[in-house]
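This is what each chain is made of:
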Amino acid sequence: QDSAAVVAGMVGISGGRIVPVQGALPIFDGQCCLGAIGASGARSDEDEDAVRAGVEAVGLATKPA
């Protein structure tokens, strides 16, 4: 599958600053990306669900408005 090549490309082009993994999400306030947050300790999808719930609980979003 091509996803490994896409991930490697993202890591390479960002100089190692971006590493896409499940369990972490960006934080948006409208169109402004404030940063990102991640969690670990459960299954990756559960980590991501927990992160999304936390971001939304403080009135922010994981996608731009």
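Details of the structure are given in the entry above.
Rules behind the numbers
- Residues numbered from 1 in each chain as written.
- Predicted model: local features only at pLDDT ≥ 70, side-chain atom pairs only at ≥ 80, totals over all residues.
- Heavy atoms only, no water.
- Helix = DSSP H or I, 4+ residues; strand = E, 2+ residues; numbered from the N terminus.
- Buried < 20%, exposed > 50% of the residue type's maximum accessible area, 1.4 Å probe, protein only.
- Contact = heavy atoms within 4.5 Å.
- Areas by Shrake-Rupley, 256 points an atom, 1.4 Å probe, with all protein chains shown as cover.
- Lys, Arg positive; Asp, Glu negative; His and termini not counted.
- Charge placed at Lys NZ, Arg CZ, Asp CG, Glu CD.
- Expected span 1.5 Å × (residues − 1).
- Arc of directions from axis to C-beta.
- Patch = residues over 30% accessible without salt bridge, like charges linked within 9 Å, V, L, I, M, F, W, Y side chains within 5 Å.
- Salt bridge = Lys/Arg side-chain N within 4 Å of Asp/Glu carboxyl O.

> Would you explain the overall build of the protein chain in this entry?
Helices and strands together make up the secondary structure of the protein chain, namely 2 helices and 2 strands. Viewed in the frame of its principal axes, the protein chain has a C-alpha envelope of about 35 × 30 × 20 Å. Sorting the 65 residues of the protein chain into buried and exposed places 15% on the buried side. In the protein chain, once contacts between residues fewer than 6 apart in sequence are set aside, the share between residues at least 24 apart is 41%. Just so you have it, the protein chain exposes about 4500 Å², and 58% of that area is on carbon and sulfur atoms. Side chains of the protein chain give 4 positive and 8 negative charges; the mean places of these two sets differ by 4 Å.

> How should helix 2 (residues 44–57) be read in this particular structure?
It helps to recall that an α-helix has 3.6 residues per turn; residues three or four apart then point in one direction. With 14 residues, helix 2 should reach 20 Å at 1.5 Å per residue; the first-to-last C-alpha distance of 20 Å fits that figure. Of the residues making up helix 2, those classed as buried are Asp47, Glu48, Val51 and Val55. Along the axis of helix 2, the buried residues cluster in a sector spanning 95°; they form a single face. On its buried side, helix 2 packs onto strand 1 (24–29) and strand 2 (32–38). A positive backbone phi angle near 85° is found at Gly59, which sits one or two residues after helix 2.

> So what exactly am I meant to see when it comes to a nonpolar patch on the surface here?
A contiguous nonpolar surface patch, about 250 Å² in accessible area, is contributed by Val6, Met10 and Ile18. Topologically, Val6 is positioned in helix 1 (residues 3–13).

> Would you mind showing me how to read the pattern of salt bridges here?
In a structure, side chains of opposite charge can pair up when their charged atoms sit close to one another. The full count for this structure, using the stated rule, is 4 salt bridges. In this structure, the salt-bridge partner of Glu46 is Arg43, at a minimum N-O distance of 3.4 Å. For Arg52, the salt bridge goes to Asp49, with nearest N and O atoms at 3.6 Å. In this pair, Arg52 and Asp49 both sit in helix 2, 3 residues apart, roughly one turn of the helix. A relative accessible area of 27% places Arg52 in the partly exposed class.

> How should the side chain of Thr62 be read in this particular structure?
Position of Thr62 relative to the elements: it lies in the segment after helix 2. Those residues within four positions of Thr62 in sequence are excluded, and the remaining contacts are Leu25, Pro26, Phe28, Arg52 and Val55.

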